[in-house]
Amino acid sequence: METSIPGKVLVAQARRSNAARIALFVLPLLMLAPAIWNGYPLLQYDTGGYLARWYEGYLVINRSTSYGIYLHLGEQTQFWLNLAFQAIVSLWIIQLTLRVFGITGPFRLAAIGVGLIATTALPWITSMLLTDIFAGLSVLTLFLLIAYRNQTTTLEKILLFAFTAFAASTHSATMIVLSGVCAAGWVLLPWLRGRITASGLTQASSALVLGALLVLGCNYALSGKLTWTPGGSGVAFGRMLQDGIVKRYLDDHCPQQQLKLCPYKDELPPTGDDFLWGGNNMFDKLGRFDGMSDEMEFISKQALIVYPWLQAKAAAKATWDQLVHVATGEGTNGWLPHTYGIIERYLPEQSKAMRAAKQQHWDINFDAVNVVHVPVALGSMVLMLAILGSAAWRRRLDDVTLLAGTVTLALLGNAMVCGIISGPHDRYGSRIVWIATFTAMIAAVAYLRHSRRGTDEDATD
């Protein structure tokens, strides 16, 4: 007996509904697969500094108190609550972005989600106790606020606004990159009317203002100081040290200026990380940040004035190097003494689970992962340029081009901010470059849809 047409429709709808439920359940688990396999959330060099903010009551260079409070909310669940939030919000933002591009249906969501999980750092940063997951997601939410506010519901606008504000507060580099994208939107508004709106830019800018207030408020709540999270001059000093600029300045000025570093100018370590975080005796003897902050700030500012051409060349090289530093897993290994110490000091009940995790036994092989991740990341950035070049050649700005332009601007801004201030690190690139791969997938679907439409039109002629 044949099924009637309405019956076939109902069966098809039921199948789609079941597929959607499966996708919504399975994809978050796949995004957390590294942590589930590990047996404990993934940790990184910097994790301990964020965890300690709730307990120690003072500010530390580049350690967001808002993110520290966020981690504290999930402590009693061994931070699985934090990871669940990161996975669910990632899936929601990916699904919402696909929806505004007209890419709907559970199978397409599942295909793109699995593609991102298999080829990018997304599941690794989702599974980690670190601010990195918010860097790429916030670029997408800012884009949706600016360009697609008319295609989202009131509740979605509120959630996008709140998420963008929180994400901006979790790291100064994220705040700067989002502010740069917003500023570019205001500058280009006269030429992009119809694609972006002043109301959308106002909403996005307001979210960043709220993020800045959140930084100040959380810092005051935990430390009693109404101030921005410290870090600019010390981190910039580290980058100048590894570029040889600090050594050059000390060689040129130590005879005239009485600086604490002068007796050590021939013993400087090769990188900023070694100097600031490597536990070297030199930095410890000089009082670490309490004893050296003023001098590092002085040398950083003076070196900018004295060696402008040298700084410009170093900045250009650092930006390029940061663009191509995209490997997954930097700082996620079995040697994290500070983070281990913080967990054992403030969360001793979790020490056993943390120590038993595979990461702490050096069981993660990122070399194998990066055989896929690095070429996909670099190829995705090349595709962004190809999309923009094709749009310029055709003199046509479509939705995919607008997204590709936003992502390219964010990637360049991220490379400039992180490369110039902190020095190139793979972690800074991998945490955001996955949105280029996501954009490339959207472009591929749009191209296939356009080609199919053209084929159908040819067949009817």
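Here we come to the overall build of the chain. Within the chain, the secondary structure is distributed over 22 helices and 0 strands. Over its C-alpha trace the chain gives a radius of gyration of 24 Å, about what one expects of a compact globule, namely 23 Å for 461 residues. Taken over the C-alpha atoms alone, the chain extends approximately 95 × 55 × 40 Å along its principal axes. Here the chain, with 461 residues, has 51% of them falling under the buried criterion. Taking as baseline every contact in the chain between residues at least 6 positions apart, the subset at least 24 positions apart corresponds to 76%. Within the structure as shown, the chain displays about 21,300 Å² of accessible surface, and the carbon and sulfur contribution to it stands at 63%. Of the side chains in the chain, 35 bear a positive and 31 a negative charge, and the two mean positions are spaced by 8 Å.

The full count for this structure, using the stated rule, is 17 salt bridges. For the salt bridge of Arg239 with Asp243, the shortest nitrogen-to-oxygen distance reads 2.9 Å. With its nearest N and O atoms 2.7 Å apart, the salt bridge here joins Asp321 to Lys317. Separated by 4 residues within a single helix, Asp321 and Lys317 lie in helix H17 (residues 308-324), roughly one turn from each other.

To continue, consider the packing of helix H4 (residues 65-73) against helix H11 (residues 198-223). Closest axis-to-axis distance for the H4/H11 pair is 8 Å, and the angle between their directions is 70°. Overall, the two elements H4 and H11 adopt an arrangement that is roughly perpendicular. Residue-level inspection shows Thr65, Ser66 and Ile69 of H4 in contact with H11, the latter providing Leu214, Val215, Cys218, Asn219 and Leu222. Looking at the contact of H4 with H11 residue by residue, the class counts come to 5 nonpolar, 3 polar and no charged.

With that settled, consider H11. The terminal C-alpha atoms of H11, which comprises 26 residues, lie 37 Å apart, in line with the 38 Å expected from a rise of 1.5 Å per residue. For H11, every residue scored as buried is listed here: Gly200, Leu201, Gln203, Ala204, Ala207, Leu208, Gly211, Val215, Cys218, Asn219 and Leu222. Buried-residue contacts for H11 involve helix H3 (47-56), H4, helix H8 (133-147), helix H9 (154-169) and helix H10 (172-188). Count one or two residues on from H11 and you reach Gly224, which has phi positive near 80°.

Below, the discussion takes up the state of the cysteines. Under the defined criterion, the tally for this structure stands at 1 disulfide. The disulfide that involves Cys254 links it to Cys262, with 2.1 Å between the sulfurs. One disulfide, between Cys254 and Cys262, carries an S-S torsion of -100° and so falls in the left-handed class. Given a relative accessible area of 11%, Cys254 falls into the buried group. On the basis of relative accessibility, which here comes to 15%, the residue Cys262 falls in the buried class. Cys182 forms no disulfide, and the closest cysteine sulfur to it belongs to Cys418, at a distance of 18 Å.

Helix packing for two helices is described by the angle between their axes and how far apart those axes are. Close contact between H3 and H4 brings their axes to 8 Å; oriented N to C, the two are set at 85°. The angle between H3 and H4 places the two elements in the roughly perpendicular class. Seen from H3, the contacting residues are Tyr50, Leu51, Arg53, Trp54 and Tyr55; seen from H4, they are Thr65, Tyr67, Gly68, Ile69, Leu71 and His72. When its residues are assigned to classes, the contact of H3 with H4 shows 7 nonpolar, 3 polar and 1 charged.

Further remarks concern the packing of aromatic side chains. This model, assessed by the stated rule, comprises 15 aromatic pairs. Aromatic side chains Tyr70 and Phe166 sit 5.5 Å apart centroid to centroid with 50° between the ring planes, which places their arrangement in the tilted category. Placement of Tyr70 in helix H4 and of Phe166 in helix H9 is noted, with a sequence separation of 96 residues between them. The exposure class assigned to Phe166 is buried, which follows from its relative accessible area of 17%. Seen from the ring of Tyr50, Arg63 lies directly overhead, with NZ or CZ sitting 5.5 Å from the centre. A cation over an aromatic ring shows up here: Lys358 above the ring of Trp37, its NZ or CZ 5.4 Å from the ring centre.

So, how was this worked out
- Residues numbered from 1 in each chain as written.
- Predicted model: local features only at pLDDT ≥ 70, side-chain atom pairs only at ≥ 80, totals over all residues.
- Heavy atoms only, no water.
- Helix = DSSP H or I, 4+ residues; strand = E, 2+ residues; numbered from the N terminus.
- Rg over C-alpha atoms; globule rule 2.2 N^0.38 Å.
- Buried < 20%, exposed > 50% of the residue type's maximum accessible area, 1.4 Å probe, protein only.
- Contact = heavy atoms within 4.5 Å.
- Areas by Shrake-Rupley, 256 points an atom, 1.4 Å probe, with all protein chains shown as cover.
- Lys, Arg positive; Asp, Glu negative; His and termini not counted.
- Charge placed at Lys NZ, Arg CZ, Asp CG, Glu CD.
- Salt bridge = Lys/Arg side-chain N within 4 Å of Asp/Glu carboxyl O.
- Axes fitted to C-alpha atoms, helices over the stretch in contact; angles between N-to-C directions.
- Parallel < 35°, antiparallel > 145°, perpendicular 65-115°, else oblique.
- Nonpolar A, V, L, I, M, F, W, Y, C, P; charged D, E, K, R; others polar.
- Expected span 1.5 Å × (residues − 1).
- Disulfide = S-S within 2.5 Å.
- Phe/Tyr/Trp six-rings, centres within 6.5 Å; stacked < 30°, edge-to-face > 60°.
- Lys NZ or Arg CZ within 6 Å of the ring centre and 35° of its normal.

Geometric descriptors of this kind do not, in isolation, establish any biological role.
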